Amino acid sequence: MAKYEDLVYQLKRQIKSGVWRAGDKLPSLRKQSEHSGLSLMTVLHAYQVLESQGYVVSQARSGYRVTPELKETETHRHIAVSLTEKVDINDFVFEVLQAGRNPYMVNFGFAYPDPSLYPRQQVNRSLMSAARNLPISSTFDNLPPGNEELRTILAKRYATKGVNISPEEIVITAGALEALNLSLQVCTKPGDWVVVESPTFYGALQSLERLGLKALSVRTDTIAGIDLDALEKALQSHDVKACWLMSNHQNPLGFTLTLEKKQSLNDLLNRYKVALIEDDVYGELYQEGYPVMPVKQFDQTGNVMLCSSFSKSLVSGFRIGWVAAGKRALEMQKLQLMSTLATSAPIQLALTDYLSKCNYETHLKQLRKKLHERKRQMECLLTKYLPAGVNITSQQGGYFIWVELPLGIDSVDVFHAAIKQNISIAPGKMFSVTEHYNHCMRLNASFALNDKTVQAIITLGQIISECMVVNASKNE
């Protein structure tokens, strides 16, 4: 991260968390320079970026102040906990995902990173090698909990990060979504309450709908993450069986919980005897130099089920994931045996071959660098071409950018207008069972910016401007 970007990120975080309130005067350029060790020009650049994004205003002879009319976002204003007896989101998610299948689409609504960033040739060679050398015993060797060598490789990778996970508690699954579904099934039954973030990954809502579970949506801040006070109130008032969340590069907001908050979350759920299902599919996509750790590192009781996959970091089409299931590992294996029987043996062997022979770490370093560069470029273009009044949140790591439109603008209307122009977005409605994020949208920033994608951003800005004009006329 460039030095000015680091300062921009820090000040945005402070403004959103209330350290600096609307109308407050920021430290002078000189004082900020002395405090941060940055040059005056670097500080000035950071303040100018904040001004362009609407966070601060410059005033002659009095420096920079937090925008006086800066309002709390809907995320801060909406009620702390929302109850949903019946989750009904799948039809809308299906509609959005189907619309993005057009090969001519500029796919800002796509869930995966740009496929060209994957080491396709190396992975294909490993797949061919696995197919040629597939042993007769492969069916039995890859039954739950999955290929032993692959589970050992995963355990060793966690060990290098300081997370102690035994190969015996790892269950290989058909993608992270199966890992997450199995985790839900081993600790809930239809009709139980499950805590999710608000907003949350739409796959979580689809799983709750399919399994007949009830959602407790807990307020989640774009910077600080889930509200632990609100979470505790939910645990006190309802018989919650599980909590499903992302602690690293959350989808869709992009935040990462601090280590202190991760430990507090683990302790809180242990105190109330509530299982934690930790979705960590973006954990490898941290900004280089800023590695992140899962909540699982604080787990001493086996209560955390850590789920991840290779779909976001190596190859999406293989559909191989895993869950470090803790004390529920054996129960989960039995459940998997009754549902999918086993995960694809050739694919497990191919990944084992790749991880054993190829330099996965080198690939990850290149991937992280490229994602960071592309996201920074897209944030600059969005700032330039989206109309005033639009709030852009781009966090460290991952590849999503969260966009908040002015209240009253429905991003579903933006979605339908954009689809006609062969541009897809992910409307905020996909990520919540409430109406609190209907004015928001998630954008994928992993694709290379060329003339076509730049024009798509310009067009998206025009569509949003038109929606704002229509909304203003309605309110006259």
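Residues numbered from 1 in each chain as written. Predicted model: local features only at pLDDT ≥ 70, side-chain atom pairs only at ≥ 80, totals over all residues. Heavy atoms only, no water.

Student: Explain the pairing of strand E11 (residues 304-309) to me, using residue names and the numbers behind them.
Tutor: Of all six residues in E11, six are buried, a share of seventy percent or more. Where burial is concerned, the two faces of E11 agree: the one with Val304, Leu306 and Ser308 and the one with Met305, Cys307 and Ser309 are both buried. Where strand E10 (residues 275-279) and E11 come together, four bridges link them in parallel fashion. Paired with Ile277 across the strands is Met305, a residue of E11. (Buried < 20%, exposed > 50% of the residue type's maximum accessible area, 1.4 Å probe, protein only. Helix = DSSP H or I, 4+ residues; strand = E, 2+ residues; numbered from the N terminus. Pairing = 2+ DSSP bridges.)

Student: Explain the environment of Asp114 residue by residue, including any values.
Tutor: Turning to its location among the elements, Asp114 is positioned in the loop between strand E4 (106-107) and helix H6 (120-132). For the pair Asp114 and Ser313, spaced 199 residues apart in sequence, the C-alpha to C-alpha distance is 10 Å. Setting aside residues no more than four positions away along its own chain, Asp114 makes contact with Arg374, Ser446, Phe447 and Ala448. Here Ser116 takes part through its side chain, which lies 2.9 Å from a polar atom of the side chain of Asp114. (Contact = heavy atoms within 4.5 Å. Polar contact = N/O pair within 3.5 Å; in protein donor to acceptor, adjacent residues only side chain to side chain.)

Student: Lay out the layout of surface pockets in plain terms, naming residues and giving numbers.
Tutor: Here the second largest pocket is characterised by a volume of approximately 580 Å³. Contributing to the lining of the second largest pocket are 33 residues, with Leu97, Ala111, Tyr112, Phe201 and Tyr202 lying nearest its centre. Contributions of two or more residues to the lining of the second largest pocket are made by helix H5 (90-99), helix H9 (175-187) and helix H10 (202-211). Looking at the lining of the second largest pocket, the element that brings in the most residues is H5, giving six residues. Classifying every residue of the lining of the second largest pocket gives 18 nonpolar, 10 polar and five charged. Both domains that meet at the lining of the second largest pocket, namely domain 2 (89-116 + 362-474) and domain 3 (118-359), each give it at least three residues. (1 Å grid on protein atoms, 1.4 Å probe; cavity = no way out; pocket = protein on both sides within 12 Å on 5 of 7 lines; lining within 4 Å. Points joined across faces, edges and corners; volume = space filled by probe spheres on them. Nonpolar A, V, L, I, M, F, W, Y, C, P; charged D, E, K, R; others polar. Domains from an automatic or database assignment.)

Student: Which residues make up empty space enclosed by the protein, and what values go with them?
Tutor: In total, this model carries two cavities of 30 Å³ or more according to the counting rule given. Of the volumes computed, that of the largest cavity is approximately 200 Å³. Lining the largest cavity are 18 residues, and of these Tyr158, Lys161, Asp280, Glu284 and Ser308 lie nearest its centre. Taken together, the elements giving at least two residues each to the lining of the largest cavity come down to helix H8 (148-160) and E11. If one sorts the elements of the lining of the largest cavity by residue count, H8 sits on top with three residues.

Student: Give me the side chain of Thr200: which residues, what numbers.
Tutor: By the element assignment, Thr200 lies in the loop between strand E6 (193-198) and H10. Beyond its immediate sequence surroundings of up to four residues, Thr200 is in contact with Leu205, Gln250, Asn251, Pro252 and Phe431.

Student: Which residues make up the domain arrangement of the protein chain, and what values go with them?
Tutor: What the domain assignment reports for the protein chain is domain 1 (3-70), domain 2 (89-116 + 362-474) and domain 3 (118-359). On a C-alpha basis, the centres of domain 2 and domain 3 stand 26 Å from each other. Contacts between domain 2 and domain 3 engage 33 residues on the former and 37 residues on the latter. At the boundary of domain 2 with domain 3, total buried surface from both sides reaches about 3300 Å², with 56% on carbon and sulfur atoms. At the surface where domain 2 touches domain 3, the tally comes to two salt bridges. With a closest N to O distance of 3.2 Å, Glu284 and Arg368 form a salt bridge. At the surface where domain 2 touches domain 3, the tally comes to 18 residue pairs in polar contact (both at pLDDT 80 or more). Elements with a minimum of two residues in the side of domain 2 that touches domain 3: H5, helix H15 (360-385) and strand E14 (400-404). Take the side of domain 2 that touches domain 3: its biggest share by element is eight residues, from H15. Broken down by class, the residue content of the side of domain 2 that touches domain 3 amounts to 17 nonpolar, 11 polar and five charged. (Buried area = accessible area lost by both parts, 1.4 Å probe. Salt bridge = Lys/Arg side-chain N within 4 Å of Asp/Glu carboxyl O.)

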